[in-house]
Structure formats: structure tokens, C-alpha cells
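Fold and contact review
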2 protein chains.
Amino acid sequence: MLEDLRQDDYELLARIARRYYVDDRTQEEIAREFALSRPKVQRLLDRARRSGIVEIHIQAPPWLNLDLEDQLRETFRLADAIVSPSRSDPQSQREAVARSAAQYLGRCLRDGTVVAVSHGRDTGEVPRFFHPGRRLDCTFVSAMGGSPRVDAPTNPNEICRALAERCGGRAASLYAPAYVESAEMRDRLLAQEAVAHTLRVAAQASVALVGIGGTDDGCTMVRSGCLSMDEMARLRAQGAVGDVLGNYVDIEGRPIASPHQDRLVALSVDDLRRIETVVAVVSEVEKPPAILGALRAGVIDVLVVDAGNARAVLDMAGASGPNHPRPRAASPRAQEVIGRATVR
Amino acid sequence: MLEDLRQDDYELLARIARRYYVDDRTQEEIAREFALSRPKVQRLLDRARRSGIVEIHIQAPPWLNLDLEDQLRETFRLADAIVSPSRSDPQSQREAVARSAAQYLGRCLRDGTVVAVSHGRDTGEVPRFFHPGRRLDCTFVSAMGGSPRVDAPTNPNEICRALAERCGGRAASLYAPAYVESAEMRDRLLAQEAVAHTLRVAAQASVALVGIGGTDDGCTMVRSGCLSMDEMARLRAQGAVGDVLGNYVDIEGRPIASPHQDRLVALSVDDLRRIETVVAVVSEVEKPPAILGALRAGVIDVLVVDAGNARAVLDMAGASGPNHPRPRAASPRAQEVIGRATVR
DNA sequence: TTCGCGACTGAGCAATTGATCGATCGTACC
DNA sequence: GGTACGATCGATCAATTGCTCAGTCGCGAA
């Protein structure tokens, strides 16, 4: 980086840089002082910065993990990454991550924004910390079906309702289970206008708030009764490491072709990819492989995660394979209001 | 300095500061990204800088001694101070200082500028390094009389001639010795129009280039035969530590009232004070007390000095008395072209 | 509840800064 | 010596930034 500067140059650059950055003079003043033209001063300042004579350091608190965020962003070509500080207790860890996600979500939303929402324990914590400050005319829509067991706060419909309540927006529920008994049943359900309509709205969302599921026996899909332990074991045997909206992927981010896929009532991976800002929230300790798979699948734009998982994922990623199969267009962190039809 | 920031604030400030200073986004972009107004981002950035979250460091080479310059500027309320790197050999030390002074001088000059010039070995080296690059329609005028012994390069007239030659300007000589035999003789000399005119021009200079003389037996005044060793001893006995243009001062910067003063053909201390930018050049090792006295006399605006003397003067100053008896108006390092009548 | 105070906000404008472009200058190669 | 190339320069203009000011909001006291 450091150019090979002549001593005179070095001296002039340092002097000018000090005048500008430390003494807060204007380039104009400096130009007069050193009998140079203003553009020349500008070029010198530029050179001083590029050559490393001027060092700007952001004194970030160590718990901020800005470096981890940068690495995540870069490694996985994310639009953004937010790493929340480590907590030893799983519940407070979940809350920390959810708080960050809620803040982020708040920044994404404009009147008229449609947000597709998944299920999950992490996702389910988000509404508690969602304080957008002002009324937002947004629509929160379930992006996948519900779970048979009553486990209210982790069900997408319930999360949508809570989010909508927090900001004065609307919730659009999906009246269907996440997994049905057969592909045929799924197709018949999708033919129901109530279901089809909700999924169409979800597919046209500009923001999605999703969790990343694991494949262990304690994962949400199993706990909530969507899938049995046997089914989960079969998925694991097929190489599944995690899911987004019930779409399972392997460690390389490739979709798992399995019968489950045909019984799923949820947005597909392709639907997700078309959504501008997909925000994933994850905090559990068993998650690194699932996160890595999801990231490599290229469905995630923004990852909100705890420091432990972030480090683990980066370590795993460094050890194997390509990490960004889908170079996405740089999507702005907060998109403009889109004059999109909203549902009632 | 560091305010007591709340954790949230801290996080936001750090994030925004990083986006701005590290990622080079505009405030506008950042405002969009964080859903804030642009002025708000500005205020946050401002706070981040003032609170020390953003640290800007100028990676100056150690031989630059920018810190010494700052201390000199501050301690003695100088418009500027330039410290040149230490050299072991007195002659190359002198050259280093003279080079800095020449550069500085070059920056001060505009067409029409009048420069009053003293004698001295350090001053005498300046012309060799004076390369203003372009023709300058300046007038260099002797601010004190010459010395009886032929010691060409340290005589003010000769220095003026050399400087003028370097930039294509004019030299105005003072046809008088520095010290004459009596006060009466001095007055008669000053009545000569040739002498009076030159001194008037010198008094109206906007820049002065002066040395600071010592009071040891090897100083320029003695070497050049202006004063005898006896006279010098008498001055020392009166407390004199050094001179500027033959005006001797004590360690506190007070003028020495002595018969010599009345025999001197040179600008007075008051004349010097009226000159906008008085640049003093000093390099010799015996000089710290002389420099301190001259600085305290408040006649110097810009000090060009070697690192050794700089440190010594600051040490001495720290140990005793007030250092800036005359708070000067902040004078710009390079003044504007002044439509002042020039002499031919 | 209402009022007053102070802090904060963002619109709008002025100053500063960044970037482009043709002109000029030095230099290396023919 | 002549020519062509590249570097450098400063005039100029557009973008960005700093700052002021009137308006708003929340909060505590009456």
C-alpha cells in the first residue's frame, strides 16, 4: 500500500494531512498557506490517504464485532451482516440477536412494504423488540404453513400478527400446515384461493424475515411436530444440514430433492431469491452447518447472528468450497417505497 | 473527551463512522441506509469524531518532529514553526535549516512582496536553497547595516542580492555599517536620504528573514568585527543572551538598554513587530538562550530551527517565566499580494 | 390539563469538496 | 532536432457537506 515516497513528498503530505485532518483547515486555506492550487491540495490529501500517511481508525467497542460483520459480508456476498455480542445463556443470546434483527427490520420498512415471515424460535423473538417508533402501514404475511402442535409464538401466523400489532400494520395469515400428508394434498391446498392468494402476496414481498432451521432432533420442525424424528433422520442421511422455510439444503447449499419438498406449503427457494431483502435471524449453538448451507444457497441477503455462530461459520467456510454461488446485485439495505398492491 | 455514551449510541456511532470513514459512503447514502435524515447523520458523525470513536492519525515520519513544531507554536504563540531533522555536522545542520527556511520563504512571497533581511551565517545559507520555481517580482532589502570585515555571504546586502538573483527580483542595499562609532554619527547617517530610504522600505516590508545572534565570543557580531570581544563581554554582563538585527535582549525577552543600541543602524524591535511575518532561522548549538530571548521578545512569527535547539528551547521555557508577552493576531502563513509601493 | 422550556429535528442554503477536462510541460524515443 | 506520449496542472462544474433556523416534540411544573 505504502508508495515509495520521496522524503520531500512525505513531509509535504504529512504536513498537509495534519493541517486538514487534525487542525481542521479547509483545502482552500491550506492551498493558500502552501501556495498551491486547491485541486492540488486535494490530490495530495488523496495521496496521503491512499499511501497510508493518514490512518483513520474507528475505535469500535470489542463486543461490536464489526470485523466479523465485514468478513461475513465479504465471504458470502451479503448485503449486510449484523453480529450481536456473545451471551452465555441461550435465551438472552436469542434475545440479543432478535433485538438486532428487529432494529434492522425497522430500518427496512416503509409504508406499503410487504414482509414475508417464517416460523422459528429466533424469528419468534423478534416482535418483542420491534419498536419502529411510528405507525407503519406494512403487511406481514406468512411465508410458510403452520405447525400442528400449538406452539404459538413460533408459528408464522402468530409472528405476523405480533409484528403487525407492534407497528399498526396488517397481518396476512396462511391457513395451511407447513407439511401436508402428500404432494397431491399440497396441490389441492394450493388450489384454494385463500391459500394461493396469501402465498402470492408473500412471493411478492420485498422483505422476508426468516429463521434458519437445523436438522437435529431438537429443531423447530421436529419440536413443533411438522416432521417426525424419522423423517428428520432421513433428511440428514440425504445430506441435509438445514432449511429455510422448510426448503432443506446440504452443506454446499444445494437443495435436497426429497418427498418432503413436494409436501411443503411455503415459498420456494426461487421465490426467496426474488425477494429483495431476505433477513435471516439465527442464534442457536447447533446451527453453523445450517447457516453455512443457507448462505451458500444464496437465499440470504442479510444475516443477523451471534458472534459464536459467525466465527464458526466463517471457520467452516474457510475450510471448504465456494461460498457465493449467486452473485447478487447489491441490494440497498433499505429499499424505497414500492407502489405495490397490498392485500387486506 | 470521551462522553458517557449509551451502548446503543456507541454502536450506532461506530457503525455510521465506519460506513463513512472506512467504506467511503456519502452521508446521504448512510442516511438512507439507516433511515435517518442527512443532517442527523452529520451530527452523529460529528459526535463520533468528538467523542473519540473516530481516531485520525497522521503517520508522520519520526524525523519530521511535527510534535516539536506544535509545541513551539503553542508555547510561543507562533504563527508557524518548522523543525528540521537533526544533523551531527554543524554545516549540514545549517543547510538543512536553511533549506526549510528557503522553502517557507518561497511560499510567503508574491509579486510585490518586500522582504527585510538580516545578516548571519544561517540566513546567509538560505539563498543557496531558494528556488521559488517562477519569477517573483519581489524586493529584498537590508534591514541592518553591514559588517566592516569582508565576509561576503553573511552580509545583509549580499544575502539580498543572492535572494533577488534567485527569483528575478530586486535587491535594495543599505549603505551603512551595522554599528557606527557614536549615536551622533548614527543620527547623521540616518539623515542621509539613501540610508533613510532603504530603512523606510525595510520597515514597510511584510516579510522579514532574520537570524538570531548569540553573545559568545564566536558569534557573528564579533567574528565579523561589528563588536569587539570586550563590548560583547559588557553586553553579557548586562544580561544579554542574543540579538535580532543587533537589538540585544535578555533571557526574558526584555531589550538591553546599552550604548550599543544608540549606535545601531538597523530596524528596531518595534519596526520588526509591525512586520507581518518575521521568519527567524537558527541552527547553531550555542543558541538556545538567544532563541528563547528572541521568542519572548515577541518579534518572531515563524521559527525555523533544528530539532536539537527546538527541544532545548522548550526545556528552558518550561523551567521559567512567561513565554508569550505579546499575543499576536494570528497572521496567515502566506499573506496576500499587497499593492504596496516598491522601491527601485 | 395546560403551559413553558429545552432538546431535537429536518428543510434549505452556503461553503466545501470531488471530478472532469482541455491546456501545458517535460521527456523519451525516433 | 522533432514528435508523440504521458504526466501534471488549474479552471470549472456538480456533488457533498456544514450550518442555520423555524418548527416540533416531549417533559416537568403550575
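Residues numbered from 1 in each chain as written. Chains lettered and ligands numbered in written order. Predicted model: local features only at pLDDT ≥ 70, side-chain atom pairs only at ≥ 80, totals over all residues. Heavy atoms only, no water.

Here we look at the protein's contact with DNA strand D
To keep things clear, this is the line we draw: Consider each residue's heavy atoms; a residue with any of them within 4 Å of a molecule or strand counts as near. Counted as a polar contact is a pair of N or O atoms within 3.5 Å, where, for protein atoms, one must be capable of donating a hydrogen and the other of accepting one, and residues adjacent in sequence contribute only when both atoms are in side chains. Per the convention used, a helix needs a DSSP run of H or I reaching at least four residues, while a strand needs a run of E reaching at least two, with both numbered from the N terminus. Each residue gets one of three labels, nonpolar for Ala, Val, Leu, Ile, Met, Phe, Trp, Tyr, Cys and Pro, charged for Asp, Glu, Lys and Arg, and polar for the others, Gly among them.
By nearness alone, every residue bordering DNA strand D is listed as Ser37, Pro39, Lys40 and Arg43 of chain A together with Tyr20, Thr26, Gln27, Arg38, Gln42 and Arg43 of chain B. Sugar plus phosphate: this is where 50% of the atoms of DNA strand D within 4 Å of the protein reside. Gln42 of chain B places a side-chain nitrogen or oxygen 2.7 Å from a phosphate oxygen of DNA strand D. Elements with a contribution of two residues or more to the surface near DNA strand D: helix 3 (38-50) of chain A together with helix 3 (38-50) of chain B. Partitioning the surface near DNA strand D into residue classes produces 2 nonpolar, 4 polar and 4 charged.

What to know about helix 4 (residues 66-75) of chain B
Residue and element names in this part refer to chain B. For clarity, the threshold we go by: Three exposure classes are used, based on accessible area relative to the maximum for each residue type with a 1.4 Å probe and protein chains only: buried under 20%, partly exposed in between, and exposed over 50%. The directions considered for the arc are those from the helix axis to the C-beta atoms.
Turning to helix 4, its buried residues are Leu66, Leu68, Glu69, Leu72 and Arg73. Along the axis of helix 4, the buried positions cluster into a sector of 155°, meaning they face one direction only. Once helix 4 finishes, Arg77 follows within two positions and takes phi at roughly 50°, a positive value.

Remarks on the sheet that holds strand 9 (residues 277-282) of chain A
All names here are of chain A. Keep this limit in mind: Two strands make a pair as long as DSSP finds a minimum of two bridges between them. Between the N-to-C directions of two axes lies an angle of 0 to 180 degrees, each axis being a line fitted to C-alpha atoms and, for a helix, fitted only over the stretch in contact. What makes two residues a contact is simply this: any of their non-hydrogen atoms within 4.5 Å.
The strand order across the open sheet built from 7 strands is 2-10-9-6-3-4-5, with neighbouring strands paired in parallel fashion. Whereas interior strands pair on both sides, the edge strands pair on one side only; in this sheet they are strand 2 (80-84) and strand 5 (170-172). Each neighbouring strand pair of the sheet contributes to a mean axis angle of 20°, computed without reference to strand direction. Judged from the 3 bridges that link them, strand 3 (residues 114-117) and strand 6 (residues 207-211) form a sheet pairing that is parallel. Note that in strand 6 the partner of Val115 across the bridge is Val207. Its contacts with the sheet place helix 7 (residues 156-167) against strand 3, strand 4 (139-142), strand 5 and strand 6, and it is angled at close to 175° to strand 4.

Comments concerning the packing of helix 8 (residues 183-191) of chain B against helix 9 (residues 193-203) of chain B
Residues and elements named next belong to chain B. Going by this rule: Note on terminology: angles under 35 degrees are roughly parallel, angles over 145 are roughly antiparallel, angles of 65 to 115 are roughly perpendicular, and the others are oblique.
Helix 9 packs onto helix 8 with a crossing angle of 80° between their chain directions and a minimal axis gap of 5 Å. Our classification of the angle between helix 8 and helix 9 gives roughly perpendicular. For the pair helix 8 and helix 9, contact is made by Leu189, Leu190 and Ala191 and by Glu193, Val195, Ala196 and Leu199, respectively.

Things to note about the pattern of salt bridges
Stated formally: Salt bridge, as used here: a side-chain nitrogen of Lys or Arg that lies within 4 Å of a carboxyl oxygen of Asp or Glu.
Scanning the model with the defined rule gives 59 salt bridges over all chains in all. Of the charged contacts, one joins Asp80 of chain B and Arg19 of chain A as a salt bridge, the two residues approaching to 3.5 Å between their closest N and O atoms. Pair noted here: Asp80 of chain B is in strand 2 (residues 80-84) and Arg19 of chain A is in helix 1 (residues 7-22), and the two residues belong to different chains. In terms of burial, Asp80 of chain B and Arg19 of chain A fall into one category: buried. Of the charged contacts in the structure, one is a salt bridge between Asp250 of chain B and Arg254 of chain B, with a shortest N-O distance of 3.0 Å. Looking at Asp250 of chain B, the relative accessible area reads 11%, which means it is buried. Overlapping salt bridges, with partners in common, bring together Glu11, Arg15, Arg18, Arg19, Asp23, Arg25 and Glu33 of chain A together with Glu69, Asp70, Arg73 and Asp80 of chain B in one network.

Examining the protein's contact with DNA strand C
In the region of DNA strand C, the neighbouring residues are Tyr20, Thr26, Gln27, Arg38, Gln42 and Arg43 of chain A together with Ser37, Arg38, Pro39, Lys40 and Arg43 of chain B. A breakdown of the atoms of DNA strand C within 4 Å of the protein gives sugar and phosphate a share of 45%. Tyr20 of chain A places a side-chain nitrogen or oxygen 3.1 Å from a phosphate oxygen of DNA strand C. At 2.6 Å, a side-chain N or O of Gln27 of chain A approaches a phosphate oxygen of DNA strand C. Of all the secondary-structure elements, those providing two or more residues to the surface near DNA strand C are helix 3 of chain A together with helix 3 of chain B. Broken down by element, the surface near DNA strand C gets its largest block of residues, 4 residues, from helix 3 of chain B. Partitioning the surface near DNA strand C into residue classes produces 2 nonpolar, 4 polar and 5 charged.

Some words on the interface of chain A and chain B
The cut-off we apply is this: Two parts lose some accessible area (1.4 Å probe) when they are put together, and adding that loss for both gives the buried area.
Listed per partner, the contact involves 39 residues of chain A and 39 residues of chain B. For the pair chain A and chain B, the summed buried surface comes to about 3,700 Å²; carbon and sulfur atoms form 53% of the total. On the chain A side of the contact with chain B, Arg15, Arg18 and Ile58 of chain A bury the most area, a combined 16% of that side's loss. Inspection of the chain A/chain B interface yields 9 salt bridges. For the salt bridge of Glu69 of chain B with Arg18 of chain A, the shortest nitrogen-to-oxygen distance reads 3.5 Å. Here chain A and chain B share 15 residue pairs in polar contact (both at pLDDT 80 or more) between them.

Brief notes about the nonpolar core
For the record, the criterion: What is meant by a nonpolar core is a set of buried Ala, Val, Leu, Ile, Met, Phe, Trp, Tyr and Cys residues, joined one to another through side-chain atoms within 4.5 Å.
Counting residues in each nonpolar core, the largest one holds 62 residues, and the members touching the most others are Leu72, Ile212, Ile300 and Leu303 of chain A. With near-sequence residues (within four places) excluded, Leu72 of chain A lies in contact with Arg77, Leu78, Ala81, Val83, Leu303, Val305, Ala310 and Leu314 of chain A.

Some details on the relation of the copies chain A and chain B
Each of the two chain copies goes to the other by way of a rotation about an axis and a shift along it. We apply this condition: Here the copies were fitted onto each other by least squares, based on C-alpha atoms from residues at pLDDT of at least 70 in both.
Relative to chain B, chain A is turned by 180° and slid 0.1 Å along the rotation axis, the superposed coordinates differing by an RMSD of 0.2 Å. What the rotation and shift describe, once combined, is the action of a two-fold rotation axis. Minimal C-alpha distance to the rotation axis in chain A is attained by Ile56 of chain A, lying at 2.2 Å.

Some thoughts on the confidence of the model for chain A
For the record, the criterion: Residue-level confidence of the predictor is what pLDDT reports, using numbers from 0 through 100.
Considering every residue of chain A, the mean pLDDT works out to 85; 89% of them sit at 70 or more. Here residues 326-344 of chain A is modelled with pLDDT under 50, and outside its nearest four sequence neighbours on either side it reaches 52 contacts, counting other chains as well.

Comments concerning the packing of aromatic side chains
Residue and element names in this part refer to chain B. Let me state the cut-off plainly: Only rings of Phe, Tyr and Trp enter the pairing, Trp through its six-membered ring, and a pair is recorded when the two centres are within 6.5 Å. The plane angle decides the type: under 30 degrees is stacked, over 60 is edge-to-face, the rest tilted.
Enumeration according to the criterion identifies 4 aromatic pairs over all chains in this entry. For the pair Tyr20 and Tyr21, a centre-to-centre distance of 5.0 Å together with 90° between the ring planes defines the contact as edge-to-face. The class for Tyr21 is buried, based on a relative accessible area of 12%.

What to know about the sheet that holds strand 4 (residues 139-142) of chain B
Two strands in a sheet stick together by hydrogen bonds in their backbones, pointing the same way (parallel) or opposite ways (antiparallel). All names here are of chain B. The strand order across the open sheet built from 7 strands is 2-10-9-6-3-4-5, with neighbouring strands paired in parallel fashion. Bordering the open sheet on either side are strand 2 and strand 5 (170-172), each of which pairs with just one other strand. Strand-to-strand twist across the sheet, computed as the mean angle between neighbouring axes with direction ignored, equals 20°. By the bridge criterion, 4 bridges tie strand 3 (residues 114-117) to strand 4 in an arrangement that is parallel. By the bridge assignment, Val115 is partnered in strand 4 with Phe140. Across the sheet, helix 5 (residues 90-108) touches strand 2, strand 3, strand 6 (207-211), strand 9 (277-282) and strand 10 (302-306), and the angle it forms with strand 2 is around 145°.

Some words on the environment of Ser118 of chain B
Residue and element names in this part refer to chain B. With respect to the helices and strands, Ser118 occurs in the loop between strand 3 and helix 6 (121-125). Residue class for Ser118 comes out buried when judged on its relative accessible area of 1%. For the pair Ser118 and Leu267, spaced 149 residues apart in the sequence, the C-alpha separation amounts to 9.5 Å. Separated by 2.9 Å, the side chain of Ser118 and the backbone nitrogen of Gly211 make a polar contact.

Details of unusual backbone geometry
Backbone geometry at Arg77 of chain A places phi at a positive 50°, although glycine is not the residue there. Within the element layout of this structure, Arg77 of chain A appears in the loop between helix 4 (66-75) and strand 2. Not every positive phi belongs to a glycine, and Asn65 of chain B is a case in point at roughly 55°. Here Asn65 of chain B lies in the loop between strand 1 (54-58) and helix 4. By relative accessible area, which is 11% here, Asn65 of chain B ends up buried.

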